[in-house]
Amino acid sequence: MDAVPLVHSPAESEVVAMYVEEFTATGVLTADAAEDLAHTAGRFTSRITVTCNGHSVHAPVLPVCWDQLRVRNGSTVSVTAERGYRPPDDEDRMALRAFVRRFQVLTAVGPVRFALSGGSSARRVRRRPW
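Residues numbered from 1 in each chain as written. Predicted model: local features only at pLDDT ≥ 70, side-chain atom pairs only at ≥ 80, totals over all residues. Heavy atoms only, no water.

Participant: Can you explain unusual backbone geometry? Please cite residues and give values.
Facilitator: Negative phi characterises most residues that are not glycine, and trans characterises most peptide bonds. In this structure, proline 87 follows arginine 86 across a cis peptide bond, with omega equal to -20°. Relative to the assigned elements, proline 87 resides in the loop between β4 (76-82) and α3 (90-107). Even without being a glycine, asparagine 53 presents a positive backbone phi close to 55°. Along the chain, the position of asparagine 53 falls in the loop between β2 (47-52) and β3 (55-58). Taking relative accessible area as the criterion, asparagine 53 reaches 37% and is therefore assigned partly exposed. If you check the backbone angles, arginine 70 has positive phi at about 50° while not being a glycine. (Helix = DSSP H or I, 4+ residues; strand = E, 2+ residues; numbered from the N terminus. Buried < 20%, exposed > 50% of the residue type's maximum accessible area, 1.4 Å probe, protein only.)

So this is what it looks like as C-alpha cells:
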C-alpha cells in the first residue's frame with residue numbers, strides 16, 4: 001500500500017489565495033494579548049501568520065514566541081490568512097478581519113474606533129448621562 005502524504009503542497013497549476021492586511025501598531029504586544037490572539041485564530045481553519053520586524057510567527061504558536069516579533073508602538077505589522085476551507089476564501093477574509101481587529105484592540109493605547117458597517121443605514125447613537 002502506498003503512503004499518503006499528510007501535508008499537501010500545491011502543484012504549480014494550483015492557485016492558493018492569500019489575504020493580507022498591514023497596519024501600524026499603536027501599542028505593545030504582550031504575553032496575555034498573544035494568548036488571546038491564538039485563541040481568536042483557533043476559531044478558524046485559516047492559516048494565520050503575523051509578521052513584524054523581519055520575523056514571522058504562525059498564530060497558534062504566538063503565545064510561545066510573541067516576543068520575537070518585537071511589536072511596539074509604530075511597528076508595521078502584516079497579517080496573512082490562507083487555506084481556510086469553511087467556506088473557501090470567505091473564511092480567510094473573516095479570519096483576517098477578526099484577527100486584525102482583535103490585535104488592534106489588545107495592543108491599543110487609547111480607545112480603538114472602527115468604521116461603522118452598514119453604509120448609509122448606520123447611525124451614531126448618543127447616550128444621555130442620566
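Participant: I'd like a description of the packing of helix α1 (residues 31-41) against α3, backed by residues and values.
Facilitator: Where α1 meets α3, the closest approach of the two axes is 10 Å, and the angle between their N-to-C directions is 165°. In terms of their interaxial angle, α1 and α3 are classed as roughly antiparallel. For the pair α1 and α3, the sense of crossing is right-handed. Seen from α1, the contacting residues are Ala33, Asp36, Leu37, Thr40 and Ala41; seen from α3, they are Ala98, Phe99, Arg102, Phe103 and Leu106. (Axes fitted to C-alpha atoms, helices over the stretch in contact; angles between N-to-C directions. Parallel < 35°, antiparallel > 145°, perpendicular 65-115°, else oblique. Left-handed = near helix turned anticlockwise from the far one by under 90°. Contact = heavy atoms within 4.5 Å.)

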